[in-house]
Each structure stands twice: as C-alpha cells, then as structure tokens.
Amino acid sequence: MSEKSEQRLSVFKTYKLYVGGKFPRSESGRVYEVSDSKGKWLANAPLSSRKDARDAVVAARKAFGAWSGATAYNRGQILYRVAEMLEGRKSQFVHEVADAEGLSKSKANELVEATIDRWVWYAGWTDKIAQVVGGGNPVAGPYFNLSSPEPTGVVTVLAPQESSFLGLVSVIAPVIATGNTAVVIAGERSPLPALSLGEVLATSDLPGGVVNVLSGRTAEIATPLASHQDVNAIDLAGADDVLAKELEIAAADNLKRVLRPQPVDDWRATPGIERMTAFLETKTVWHPTGSLGASGSSY
C-alpha cells in the first residue's frame, strides 16, 4: 500500500478565469507561468485577451440591474456568506498567499484572517452607507429635499500588485457592497489567490457577473477597459504611475470616474468609507410639501 502511495502522481490545479458566473479559459488559449518569491513554478494562469475583457464587461452590465436593485440588507447577507466560505477554505488561501508573497505560514494566516474580517466589515456597511452619505437637506421653501446614494455602474478594478489577497479584497468589496458590479484584473505577478477567490464567489450566493476576475498582463487588459464605453468607473490601485496616466487619459473619453492610485502603508488598517463613496452617485429629489387648511400650515 505504501509503495503505491509513493508512486502516486500529484494532481495539479488548473486555474481559470471567472466571468459571468462561469470558469472559462482565456479566449486566446494563452497561459503564463506564475512563480513564487523564490522563482519556483506554482501554476499556469490564463493570459486574458481583449475579448475576455469585453466579455467580462458584458457579464457585469447584465448583472448590474438585479444587483443594484437588491436590498442593501440582502447584499450584506451575500457578502457575509462570502466570508463564511472563505473561512472554510482558509488553509488553501494561507498556502497560496504564503507562496505569492514569500511569507511564513503564520504571517500568511494573519493576512487571510484579516481578509475574512474585511469581508465581514463591508458586509456590515451595505445597509448603513446610505445613512452616512444621504439624508434630508434643509432648503428654503415648502419642499422635501432628499439625497440618496446610487451605484455608479460597472467598475474596472486593478488589484494591488503587492497584496495578493487582503489588498485584492479591500478594493473589490467596497465596489460591490454599494451595488456596483466589477471587472477585476488580478495582480500580474501573483494572480492565484484572486482566481481562487472566484471559486469562492461562485458558491457564495453572489449572482454571476457581479464580480468577474481576469488574469494576465495588467496593461494589456486594462487599456481596452479604460476606453470601453460601457465601463463607468475605474480603480487604478494596481497601476504604476506611467500606466495610471495612460489609463486616466483613456478613461476621459466617456467621463469615467477614476480613483487614482493611493499609497497604502498597511492594508490591515481600517479602510474607512472612501472606497465606497468613490463609486457612488448622489440622487437628489425635490417634492412639494403641500399645505393643510386655510391657515397655510404645511407638512
């Protein structure tokens, strides 16, 4: 029995994209080698093409109506479910993060636990952000004047290059917590945790197309997305200064919202609400209060 076990071949994992709730290979059929911090081969990741990027936008747009129209409470439940599923697969992500970032198992475990906690944190904000950034406005005149936040639409997210999992979740979660849908470009050097996250999202009640994960050359994928007419906003967290400038110019063509790269000393720090409000629009409604009786009193 032991002799047979020694002869057993390892079953290597095939990493795939996550688009529209499905797991396609790259349309181009291309892959590229992913190595750990010491240069050891880990896996082949799909090398996404422009066609893959366009397909991801179509899936994100298709999912936007139902996701943005869902109650904030329901979105919070689904985000919390993601955290539950991550908790159950924690050992896998500890292994992948340790390899991706050259960390010890204990350090990687700390980051994965912080990532799960980050999902829970944003799950709790889904039904509270409207109270913080919206409300009634004092106006001169017999009117109700109410402002409420609404999602921007389809958001392209360039995941941070240096934080393969905690940074990744820290830029995805605020986008979808507020009702947007996302096309995510995984970190070029360490895409495996992002691709595995797609497997978790597929089993977490998250509707297909709400998050779409692409891997490959960041600049190659981001360029067509920055100029895509059906993308409403872009987060440049994973772009260097040169690429960020090029993408910002391309994004101006259809007046996309652009969140410029911001240095983050420690992704474990409490993130605040800035990444949620960055992709929210404010809708203000005026309505006459009317009057009651001859006295002219209003309500």
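Everything quoted here is computed from the prediction, not taken from an experiment. (Residues numbered from 1 in each chain as written. Predicted model: local features only at pLDDT ≥ 70, side-chain atom pairs only at ≥ 80, totals over all residues. Heavy atoms only, no water.)

**Details of the pairing of strand β4 (residues 143-151)**
Of the pairings in the sheet, the one linking strand β3 (residues 135-136) to β4 comprises two bridges and is antiparallel in character. Following the sheet pairing, G135 is matched in β4 by S147. Linkage of β3 to β4, two consecutive antiparallel strands, is achieved through a turn of six residues, within which G141 is found at a positive phi near 140°. (Pairing = 2+ DSSP bridges. Helix = DSSP H or I, 4+ residues; strand = E, 2+ residues; numbered from the N terminus.)

**Some details on the pattern of salt bridges**
On inspection of all chains with the given rule, the structure shows 16 salt bridges. Here R89 ties to E199 by a salt bridge, and the two come within 2.8 Å at their closest N and O atoms. Placement of the pair is R89 in the loop between α3 (72-88) and α4 (90-101) and E199 in helix α8 (residues 192-202), with a sequence separation of 110 residues. The class of R89 is partly exposed, set by a relative accessible area of 25%. One network of salt bridges, with partners in common, ties together K13, R89 and E199. (Salt bridge = Lys/Arg side-chain N within 4 Å of Asp/Glu carboxyl O. Buried < 20%, exposed > 50% of the residue type's maximum accessible area, 1.4 Å probe, protein only.)

**Some words on the sheet that holds strand β9 (residues 257-259)**
Taking strand neighbours across the sheet as the criterion, the five strands line up as β7-β6-β5-β8-β9 in an open arrangement whose pairing is parallel. Only two strands of the sheet have a single neighbouring strand rather than two, namely β7 (211-214) and β9. Neighbour to neighbour, the strand axes of the sheet diverge by 15° on average, direction disregarded. Bridge count for strand β8 (residues 233-235) against β9 is three bridges, and the pairing is parallel. Of the residues in β9, the one forming a bridge with I234 is V258. The sheet strands contacting helix α2 (residues 50-69) are β5 (154-158), β6 (181-185) and β7, and the helix crosses β6 at an angle near 155°. The strands that helix α9 (residues 218-226) touches are β5, β6, β7 and β8; relative to β6, the one it contacts most, it runs at about 150°. (Axes fitted to C-alpha atoms, helices over the stretch in contact; angles between N-to-C directions. Contact = heavy atoms within 4.5 Å.)

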